Structures are given as C-alpha cells and as structure tokens.
Amino acid sequence: MKKLIGQKKINTAVFISGTGSNLKSLIRFSIKKKSPIKVVFVISSNLDAKGLLLAKKHKIKNKVYNFNKRNTEKKIIIELKKREVKFICLAGFMKILSKYFIENFKGKILNIHPSLLPKYKGLNTHWRVIKNKEKISGCTVHFVNAKLDSGKIILQKKVKILKKDTPQTLSKRILKKEHDLYPKAIEKIFS
Ligand code: GRF
C-alpha cells in the first residue's frame, strides 16, 4: 500500500471495545506530520469503553454500535464510506467481523494481538502462555482476513517472560510494546 508524497493522509477508523490505550498511541501517531493516516472515526462495541472519552477529548467522531444486531455492519459500511474511510485499525476490539465486512475493506484492516502469532490466537493469551511455561511472548500487528488472528503478519515484537510474571504483569509489559509496534507497522505498510 503506497502513499504518494504530498498526498492527503488516509482517513482511518479505529475500532475499540475497552480502555483504548492502543487508540491513544494511534491518535498520537496520526497527529504527526510523517503519519500516513488520520484517525477520523472511532467505533466502539461497548458503551462504557474508556477509549470513547479519548475520542471525545480529541474531537474525533465516535459512535457505539451493537454488533449483535443484524444490519449493524451494513450501517457501519455506509457510515465509513460517507466519511471516506479507507483504512481500519482494530485496537482491543473484541468482536469478530464478518467475511462480508472484511471483503468490503479487503487488505485495508489491521489488528494488534498480544502474542507472537501464529501462536496463541484468540482470548486469554497471557494466561495460556504462562501456563505453558513459554520463555518468550510478545505482540503482532497483522492484516485481518476471514480467519481469526490469521492474516499476513506485518510486524512482531518479542517480550521475555519473567519467572514471577502473572497474566497481569505480562500483559502490562506487552501492552507497552504494542503502543510502539502499531504505528511502526502502519509506517511499514505505507513506506
Ligand atoms: C491489547 O492487548 C490488544 O492487543 C488486545 O486487547 C488489549 C486492548 O488494549 N486485543 P487497549 O484497549 O488498546 O488498551
């Protein structure tokens, strides 16, 4: 995916469900001159997501959707097209998008996952990693395809697991790395 010099930043939507610390790092990045993206829309699957406050603080359009309802994805696609959104970052988004939705934004959706994919797809990664006595974990930014956490890998960062680690302490250390990795992965695909 190339961004021509002098071209406008690419309108980007970020999908969240919770705290939104990755959203924060994406907003920070998108404000920089060198960033190829501009966060213009935040979509949340959860009314109480803290990340929504962040969107409001930065005066970024934001909307909560009930992803359990039929037609929600269709409505979102219309909204995204209206806002000329050409790129989507899933950031702590806890819902699974349909094949139909993904096809509509083929090759334009990224996700961040807190493990070294293809290992530990899905939920409770840190808990499973520790239970299996792994020595190293990390995080991955990848393209989204129809199979969960299985799209082409863009970048990964390794994190050492300490003997005393709990899922909470490990998650905290990995999350910090996620905040660097997501912008780097975006830079990489647009360079
Ligand atoms: C991150 O670890 C992300 O990789 C995972 O959920 C967490 C969300 O964190 N999918 P935040 O909402 O971005 O703070």
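The following refers to the structure shown. Quantities reported herein were computed from a predicted structural model and do not represent experimental measurements. Sequence order as written defines residue numbering, which begins from 1 separately in each chain. Where totals are concerned, whole chains, interfaces and linings use all residues; where local detail is concerned, this predicted model gives features only for residues with pLDDT of at least 70, and gives and counts side-chain atom pairs only at 80 or more. Hydrogen atoms and water are omitted, and side-chain values are computed over all heavy atoms in the structure.

To pair, rings of Phe, Tyr and Trp, with the six-membered ring standing in for Trp, must have centres within 6.5 Å; the planes then decide the type, stacked if under 30 degrees apart, edge-to-face if over 60, and tilted in the middle. With the rule as written, the count across this model stands at five aromatic pairs. Judged by centre distance (5.1 Å) and plane angle (70 degrees), the ring pair of phenylalanine 87 and phenylalanine 190 falls under edge-to-face. Of this pair, phenylalanine 87 sits in strand 4 (residues 87-90) while phenylalanine 190 sits in helix 6 (residues 167-190), and the two are 103 residues apart along the sequence. In terms of burial, phenylalanine 87 and phenylalanine 190 fall into one category: buried. Cluster of aromatic residues (ring-pair linked, three or more members): Phe15, Phe67, Phe93, Phe101 and Phe105. Secondary structure elements are defined from DSSP: runs of H or I of at least 4 residues count as helices, runs of E of at least 2 residues count as strands, and each element is numbered from the N terminus. Exposed residues in this analysis have more than 50% of their type's maximum accessible area, buried residues have under 20%, and partly exposed residues fall in between, with area computed by a 1.4 Å probe over protein chains only.

One heavy atom within 4 Å of a molecule or strand is enough for the residue carrying it to be called near that molecule or strand. Lining the immediate environment of the ligand, one finds Thr19, Gly20, Ser21, Asn22, Gly92, Ile112, Pro114, Leu175 and Glu178. For the purposes of these results, a polar contact is taken to be a pair of N or O atoms within 3.5 Å, where, inside protein, one atom must be able to donate a hydrogen and its partner to accept one; residues adjacent in sequence count only when each atom of the pair is a side-chain atom. Contact between the ligand and glycine 20: an oxygen atom at 2.8 Å from a main-chain N or O atom of the residue. Interatomic distance of 2.5 Å between a side-chain N/O atom of serine 21 and an oxygen atom of the ligand. Here, Shrake-Rupley sampling with a 1.4 Å probe gives the accessible areas, and only protein chains in the shown set may cover a residue. If the ligand stood free it would expose 370 Å²; the protein chains cover 81% of that surface. Structurally, the ligand is housed in the largest pocket. Taken together, the elements giving at least two residues each to the shell around the ligand come down to helix 1 (21-31) and helix 6. A per-class count over the shell around the ligand returns three nonpolar, five polar and one charged. Throughout, the protein atoms alone are placed on a 1 Å grid, and a set of points is a cavity if a 1.4 Å probe fits but cannot get out or a pocket if it is open with protein on both sides within 12 Å along at least five of seven lines; lining residues have an atom within 4 Å of a point. Should more than half of a molecule's atoms lie within 2 Å of a pocket's or cavity's grid points, that molecule is taken to sit in it. Lys, Arg, Asp and Glu make up the charged group, whereas Ala, Val, Leu, Ile, Met, Phe, Trp, Tyr, Cys and Pro make up the nonpolar group; the residues left over, Gly among them, are polar.

Glancing now at a positive patch on the surface. Positive charge collects at one region of the surface, where Lys157, Lys172, Lys176, Lys177 and Lys184 lie side by side. It is helix 6 that contributes the most residues to the positive patch, four residues altogether. Mapped onto the elements of the fold, lysine 176 is located in helix 6. To count toward a patch, a residue needs a relative accessible area over 30% and no salt bridge; like charges are then connected within 9 Å, while nonpolar side chains (Val, Leu, Ile, Met, Phe, Trp, Tyr) are connected within 5 Å. When a carboxyl oxygen of Asp or Glu lies within 4 Å of a side-chain nitrogen of Lys or Arg, that pair is called a salt bridge. For the purpose of counting charges, residues Lys and Arg are taken to be positive, whereas Asp and Glu are taken to be negative. His and the chain ends are not included. Charge positions come from single atoms, namely NZ of Lys, CZ of Arg, CG of Asp or CD of Glu.

By the criterion of burial, strand 6 (residues 136-143) is predominantly enclosed, with seven of the eight residues buried. Taken together, the four bridges between strand 5 (residues 109-113) and strand 6 define a ladder with antiparallel strand orientation. Paired with asparagine 111 across the bridge in strand 6 is histidine 142. Bridge count for strand 6 against strand 7 (residues 153-160) is seven bridges, and the pairing is antiparallel. From the neighbouring strand, isoleucine 136 faces strand 7, where its bridge partner is lysine 160. A pair of strands is labelled paired if DSSP reports no fewer than 2 bridges between them.

Here we come to the nonpolar core. To qualify as a nonpolar core, a set must consist of buried Ala, Val, Leu, Ile, Met, Phe, Trp, Tyr and Cys residues joined through side-chain atoms within 4.5 Å. Core analysis: the biggest nonpolar cluster contains 36 residues, and Val14, Phe87, Leu110, Val141, Tyr182 and Ile186 have the highest contact counts within it. It is helix 6 that contributes the most residues to this core, eight residues altogether. Residue contacts are defined here by distance: any two heavy atoms, one from each residue, within 4.5 Å place the two residues in contact. Here leucine 110 is in contact with Phe87, Ile88, Cys89, Leu90, Val141, His142, Phe143, Val144, Ile154, Tyr182, Ile186 and Ile189, once residues within four sequence places are set aside. If you look at the next biggest cluster of nonpolar residues, it comprises 20 residues, including Ile43, Tyr65, Ile77 and Phe93.

On to the side chain of histidine 126. With respect to the secondary-structure elements, histidine 126 resides in helix 5 (residues 125-131). For histidine 126, a relative accessible area of 13% gives the class buried. Discounting chain neighbours no more than four positions away, the residues touching histidine 126 are Pro114, Pro167, Leu170, Ser171 and Ile174.

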